[in-house]
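Close look at the chain arrangement
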2 protein chains.
Amino acid sequence: PTILDKIASDDYVAFTFFVGAMAMMAAAAFFFLSMSSFDRKWKTSILVSGLITFIAAVHYWYMRDYWQMNAESPTFFRYVDWILTVPLMCVEFYLILKVAGAKKSLMWKLIFLSVVMLVTGYLGETVYRDAAWFWGLVSGIAYFVIVYEIWLGSAKKIAVQAGGAVLSAHKTLCWFVLVGWAIYPIGYMAGTPGWYEGVFGGLSLDVVYNIGDAINKIGFGLVVYNLAVIATEKKQ
Amino acid sequence: PTILDKIASDDYVAFTFFVGAMAMMAAAAFFFLSMSSFDRKWKTSILVSGLITFIAAVHYWYMRDYWQMNAESPTFFRYVDWILTVPLMCVEFYLILKVAGAKKSLMWKLIFLSVVMLVTGYLGETVYRDAAWFWGLVSGIAYFVIVYEIWLGSAKKIAVQAGGAVLSAHKTLCWFVLVGWAIYPIGYMAGTPGWYEGVFGGLSLDVVYNIGDAINKIGFGLVVYNLAVIATEKKQ
Ligand SMILES: CC1=C(/C=C/C(C)=C/C=C/C(C)=C/C=O)C(C)(C)CCC1
Ligand SMILES: CC1=C(/C=C/C(C)=C/C=C/C(C)=C/C=O)C(C)(C)CCC1
């Protein structure tokens, strides 16, 4: 096979890899190029949104090619992407709340939890597939601690103190984590053996992950962008 | 083999080349795009941090492919990368101290020493492998003169005169050179024949070099970035 072979019209994995790569590239260009319109304080947040989509664009391009050549899930590159982009999303949470006095320790806590979530997920998908349910469970617990931390823990308190546009952006991001991120465990259950096979077995792990990434990476960035627009307009 | 062949799950060289390429790309985008947020005086330093990681990103992408196709160390491209990026790091030292009155001669001295260090290292790794210990020793001497120059020599005096954030950034960079750069001779000893084989023979030269590059290129740049943030905030 070559990279330019015909794509079967029902090869939704190839399709979503291609569209995903393109969308991530466009999103990265959008964030990078609109950066200069904002106050210094917001520039870094927009830049991080750009980095998340840029890193994804490169990985998607690569994963698209890998799928085309090997007709196999590029699990390894998927997790390399996540291990870079999910911690950057934790940085975004911190950057938004920094203006309201968030401490670096909050950022490191979220980063640590996200690394635990991803490393255990990787182990379940690759090395210990037979115990995928167990590693998925550990990963899921780390995920829930993140959800708790931002919805009800210290991050929530700081957001309430900040109020206004920061609070409402924080709230939207919380919904992304609760609903948007919940797409991933579905992909995981669709692609690993376990009692849940009957429920999600019909879905393709890659298609589910690709949809999740498009929503979360681009959507997350747009929420931050929107906050920067509101905050900059108010000052003028 | 093709560039898109499956990567063995224990192929740490391929792994670190891939992650390295990605991290260098993201770092270059970060430095290039944040440049405009700083005072004119610091813009050039941030730009140089961006160039160092950008040059590395291109080489890493190439070295990744080279490793995939030949399963052999891309020594030649490694040194092409270093011969461009290490002198640029010497330029960074100079740029930081320029505000405190450093002269161009300091920069040229450091550049000269780093070229000696790299050319002799290359000879030891390739042309005169049988006398690798000798060329490594000469390279190491040049390295020690660099260490002396920045820790105790004229660079140190200027940094002390400058004081404040410049002094503390200079100090951090000095630690990078003393500890971070010391990773490279370990890689060299792991990858060349010599009496030291028994000690470092188990390590992979490429993995060690890749870890060293990630720490030194990105870390070095972030120290400079941090200095620019502090210096810019103070003025406002
Ligand atoms: C809970 C859980 C998982 C969660 C993954 C998540 C939440 C990934 C989020 C990725 C994002 C947000 C990427 C966007 O850049 C895994 C690892 C699938 C394993 C099964 C259990
Ligand atoms: C002392 C010594 C070496 C030192 C290499 C160094 C210090 C390289 C630094 C590279 C950097 C900092 C690259 C980042 O951009 C060699 C040539 C391995 C040969 C053995 C002796």
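Residues numbered from 1 in each chain as written. Chains lettered and ligands numbered in written order. Predicted model: local features only at pLDDT ≥ 70, side-chain atom pairs only at ≥ 80, totals over all residues. Heavy atoms only, no water.

Counting residues at the interface gives 24 residues for chain B and 22 residues for chain A. Buried surface at the junction of chain B and chain A, both sides included, amounts to about 2,000 Å², of which 77% is carbon and sulfur. Across the contact surface, chain B and chain A share three residue pairs in polar contact (both at pLDDT 80 or more). Sorting the residues of the side of chain B that touches chain A by element identifies helix 1 (12–34), helix 2 (40–70) and helix 10 (205–235) of chain B as the ones contributing at least two each. (Contact = heavy atoms within 4.5 Å. Buried area = accessible area lost by both parts, 1.4 Å probe. Polar contact = N/O pair within 3.5 Å; in protein donor to acceptor, adjacent residues only side chain to side chain. Helix = DSSP H or I, 4+ residues; strand = E, 2+ residues; numbered from the N terminus.)

To continue, consider the site of ligand 1. All names here are of chain A. In the vicinity of ligand 1, 18 residues are found, and the nearest of them are Thr-85, Met-117, Ser-139, Trp-181 and Lys-217. At 3.2 Å from an oxygen atom of ligand 1 is found a side-chain nitrogen or oxygen belonging to Lys-217. Look at ligand 1: alone it shows 540 Å² of surface, and the protein chains cover 99% of it. For the shell around ligand 1, the elements supplying multiple residues, two or more each, are helix 3 (75–98), helix 4 (104–125), helix 5 (132–151), helix 8 (183–191) and helix 10 (205–235). Partitioning the shell around ligand 1 into residue classes produces 11 nonpolar, five polar and two charged. (Near = heavy atom within 4 Å. Areas by Shrake-Rupley, 256 points an atom, 1.4 Å probe, with all protein chains shown as cover. Nonpolar A, V, L, I, M, F, W, Y, C, P; charged D, E, K, R; others polar.)

As a further point, take the relation of the copies chain B and chain A. For the pair chain B and chain A, the superposition axis carries a translation of 0.1 Å, the fit reaches an RMSD of 0.1 Å, and the rotation angle comes to 83°. Of the interface residues in chain B, just 4% have counterparts in chain A that sit at the interface too, so the contact is made through distinct surfaces. (Least-squares fit on C-alpha atoms with pLDDT ≥ 70 in both.)

A few words on the site of ligand 2. Residue and element names in this part refer to chain B. In the vicinity of ligand 2 there are 18 residues, among which Thr-85, Met-117, Ser-139, Tyr-184 and Lys-217 approach most closely. In this structure, Thr-85 approaches ligand 2 through a side-chain N or O atom, which is 3.3 Å from an oxygen atom. One nitrogen or oxygen atom from the side chain of Lys-217 is found 3.2 Å from an oxygen atom belonging to ligand 2. Computed on the free molecule, ligand 2 has an accessible area of 540 Å², of which 99% lies beneath the protein chains in the complex. Only helix 3 (75–98), helix 4 (104–125), helix 5 (132–151), helix 8 (183–191) and helix 10 provide two or more residues apiece to the shell around ligand 2.

Attention now goes to the packing of aromatic side chains. All told, the structure shown has 49 aromatic pairs over all chains when counted by the stated rule. Measuring from centroid to centroid gives 6.1 Å for Phe-32 of chain A and Phe-54 of chain A, while their planes differ by 55°, and the two rings are tilted. Note that Phe-32 of chain A is positioned in helix 1 (residues 12–34) and Phe-54 of chain A in helix 2 (residues 40–70), a separation of 22 residues in sequence. The exposure class of Phe-32 of chain A is buried, given its relative accessible area of 15%. When the ring of Trp-151 of chain B is compared with that of Trp-175 of chain B, the centres are 5.0 Å apart and the planes differ by 90°; the resulting orientation is edge-to-face. Taken together, the residues Trp-151 of chain B in helix 5 and Trp-175 of chain B in helix 7 (residues 164–180) connect sequence positions 24 residues apart. Chaining the aromatic ring pairs together yields one cluster made of Tyr-62, Tyr-66, Phe-76 and Phe-77 of chain A together with Phe-15, Phe-18 and Trp-61 of chain B. For the cation-ring pair, Arg-64 of chain A lies above Trp-61 of chain A, with the distance from its terminal atom to the ring centre recorded as 5.1 Å. (Phe/Tyr/Trp six-rings, centres within 6.5 Å; stacked < 30°, edge-to-face > 60°. Buried < 20%, exposed > 50% of the residue type's maximum accessible area, 1.4 Å probe, protein only. Lys NZ or Arg CZ within 6 Å of the ring centre and 35° of its normal.)

On to the pattern of salt bridges. Evaluated as defined, the whole model comprises 13 salt bridges over all chains. Across the pair Lys-217 of chain A and Asp-81 of chain A runs a salt bridge, and its minimum N-O distance is 2.8 Å. Separated by 136 residues along the polypeptide, Lys-217 of chain A in helix 10 and Asp-81 of chain A in helix 3 bring together distant segments of the chain. The exposure classification of Lys-217 of chain A matches that of Asp-81 of chain A, with both residues buried. Close ionic contact of Asp-213 of chain B with Lys-217 of chain B constitutes a salt bridge, the shortest N to O distance being 3.1 Å. Here the residue Asp-213 of chain B and the residue Lys-217 of chain B both occupy positions in helix 10, the gap between them amounting to four residues, near one helical turn. Each member of the pair, Asp-213 of chain B as well as Lys-217 of chain B, carries the same accessibility label: buried. In the salt-bridge network here, residues are joined through shared partners; they are Arg-78, Asp-81, Asp-206, Asp-213 and Lys-217 of chain A. (Salt bridge = Lys/Arg side-chain N within 4 Å of Asp/Glu carboxyl O.)

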